[in-house]
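A look at the structure
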Amino acid sequence: MKYKISIAVLFFFSSIANVFAQQEWFKDIKLSGYVIGQYQYTSKTDATPKDNFNTRLVRLSIDGKLLPDFAYRVQAQLNGTPGSSSGPRIVDAFIEWQRYGFAKVKVGQFKRAFTFENPMNPIDQGFISYAQVISKLSGFEDRVGEHSSNGRDIGVQLQGDLLPNSKGRHLLHYQIAIYNGQGTNMKDVNNSKDIIGGMWVCPLEGLRIGAFGWTGSYARKNGTDVQNVARNRYAFSGEYKKNDWTLRTEYIHSQGKKFAFNNSSDITIINNDKADGWYIAGIAPVITNTVHLKARYDVYRDEANWNSSKNMYEVGLDYIYKKKVKVQVHYVRVNERSKHQNYNMVDCQLSMRF
């Protein structure tokens, strides 16, 4: 059944792209996507199965221009279990007014304006997955109990680039957005909105240093009873990316309780109200734009202390063929202090763009 749904979505996107291409209002229409296949082994004692083949992601998107000043994107995820929050679904659906580079306005469903790593394509991110702190505190598998939202929400955003230097490179970027706070494909549940903003400076070519803030809440409803958990977060980010080298680090701190169970109608709340985490990642070219060595130190602390920490030490190697096909292999040593266990992981991924 899930394959029939995926094929139907594929034909739907192709038909829509063909219709749009015949209209004068729609310009530069691009149909694209990517597939990521995965094999993963773990020595974790309670893991079942120990190893697994997996279709990590299959996505298809339509991008283009609407009249001279508007850009749009519709992106669907095709893999997963139909009918579940992680099944086939729309992940992006937005339009952005782009007449002025210093003040672009985006409306719809899109990435939250929080951290450097969150907006990155999963292939370009470079490791087995997004860092733990990005997943838990940027709205992927968010610690509060929100359904899987891939770092996205529904809202409106203002962003822009300021202070161009003599070479045309902008020294300052800002972004601020208002969201429902409920994640993807969901109406609001409470009477408040999330406000997320950030800015970064680019003092040198390839270098950016940023800070972000997030205030809001996530809500669940059971009958007429609505319960809220706060999301008050801040992040500091740094990245240097030049000549095929990448160095990136981010720290996030969160204040706010969480729901006890991953059940949208269960309103039981856990009183733990602090969490944090950070990562330090490096990617170095062996053969420029083709072969890379990678390493990452990745920490998430669900109670903002070392007794609740999960530490991941990751090294890897990738090979990129003509920018379209990428093979990567990673080894990870995991230390889960909260569960008093250590184990190893091996992850292999094959990704293809089209």
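Relevant structure appears above.
Since the structure is predicted, the reported quantities are computational estimates derived from the model, not experimental observations. (Residues numbered from 1 in each chain as written. Predicted model: local features only at pLDDT ≥ 70, side-chain atom pairs only at ≥ 80, totals over all residues. Heavy atoms only, no water.)

This brings us to the pattern of salt bridges. Following the criterion strictly, the structure yields 24 salt bridges and no others. For the salt bridge of Glu-336 with Lys-44, the shortest nitrogen-to-oxygen distance reads 3.4 Å. Here Glu-336, found in strand β17 (residues 325-336), pairs with Lys-44, found in the loop between β1 (26-42) and β2 (51-66); they are 292 residues apart in sequence, far enough to count as distant. Side by side, Glu-336 and Lys-44 carry an identical accessibility label, which is buried. (Salt bridge = Lys/Arg side-chain N within 4 Å of Asp/Glu carboxyl O. Helix = DSSP H or I, 4+ residues; strand = E, 2+ residues; numbered from the N terminus. Buried < 20%, exposed > 50% of the residue type's maximum accessible area, 1.4 Å probe, protein only.)

Counting across every chain of the model gives 17 aromatic pairs. Between the aromatic rings of Phe-94 and Phe-110, the centroid separation amounts to 6.2 Å while the plane-to-plane angle is 85 degrees, which identifies the pairing as edge-to-face. Of this pair, Phe-94 sits in strand β4 (residues 89-97) while Phe-110 sits in strand β5 (residues 104-111), and the two are 16 residues apart along the sequence. The exposure class of Phe-94 is buried, given its relative accessible area of 16%. On the basis of relative accessible area, Phe-110 is assigned to the buried category, the value being 1%. Seen in terms of ring centroids, Trp-278 and Trp-306 are 5.7 Å apart; in terms of plane orientation they differ by 85 degrees. Their pairing is edge-to-face. Of this pair, Trp-278 sits in strand β14 (residues 274-287) while Trp-306 is found in the loop between β15 (291-301) and β16 (309-321), placing the two residues 28 residues apart along the sequence. Put simply, the rings of Phe-114, Phe-116, Trp-200, Phe-212 and Trp-214 touch in pairs and so form one group of aromatic residues. (Phe/Tyr/Trp six-rings, centres within 6.5 Å; stacked < 30°, edge-to-face > 60°.)

Here we take up unusual backbone geometry. That bond from Thr-48 to Pro-49 is cis: its omega, 0 degrees, falls within 30 degrees of zero. Here Pro-49 is to be found in the loop between β1 and β2. Despite not being glycine, Thr-115 shows a phi value in the positive range, around 75 degrees. Topologically, Thr-115 is positioned in the loop between β5 and α2 (122-125). The phi dihedral of Asp-244 is positive, around 70 degrees, even though this residue is not glycine.

One pass over the structure, following the stated rule, counts 1 cavity of 30 Å³ or more. What the largest cavity holds in volume is close to 70 Å³. What lines the largest cavity is simply Ile-36, Arg-56, Pro-122, Ile-123, Gly-126, Phe-127, Lys-326, Gln-328, Gln-349, Leu-350 and Ser-351. Residue assignment for the lining of the largest cavity shows that the elements contributing at least two residues are α2, β17 and β18 (341-353). Looking at the lining of the largest cavity element by element, the count peaks at 3 residues for β18. For the lining of the largest cavity, a count of residues per class yields 5 nonpolar, 4 polar and 2 charged. (1 Å grid on protein atoms, 1.4 Å probe; cavity = no way out; pocket = protein on both sides within 12 Å on 5 of 7 lines; lining within 4 Å. Points joined across faces, edges and corners; volume = space filled by probe spheres on them. Nonpolar A, V, L, I, M, F, W, Y, C, P; charged D, E, K, R; others polar.)

This next bit is on the pairing of strand β7 (residues 170-179). Pairing of strand β6 (residues 152-164) with β7 involves 9 bridges; the strand directions are antiparallel. Considered in β7, the bridge of Gln-159 is made with Gln-175. The turn joining β6 and β7, which pair antiparallel and follow one another in sequence, is formed by 5 residues; a positive phi near 85 degrees is taken by Gly-168. (Pairing = 2+ DSSP bridges.)

Turning our eyes to something else, we now look at the layout of surface pockets. What the second largest pocket holds in volume is close to 500 Å³. Lining the second largest pocket are 23 residues, and of these Asp-124, Asp-244, His-292, Ile-320 and Lys-326 sit closest to its centre. Broken down by secondary-structure element, the contributors of at least two residues to the lining of the second largest pocket are α2, β10 (225-242), β11 (245-255), β15, β16, β17 and β18.

Let us look at the side chain of Lys-106. Checked against the element boundaries, Lys-106 lands in strand β5. For the buried Lys-106, which has no salt bridge, the nearest side chain bearing the opposite charge is Glu-96, at an N-O separation of 4.5 Å. Setting aside residues up to four positions removed in sequence, Lys-106 forms contacts with Phe-94, Ile-95, Glu-96, Gly-155, Val-156, Gln-157 and Gln-159. (Lys, Arg positive; Asp, Glu negative; His and termini not counted. Contact = heavy atoms within 4.5 Å.)

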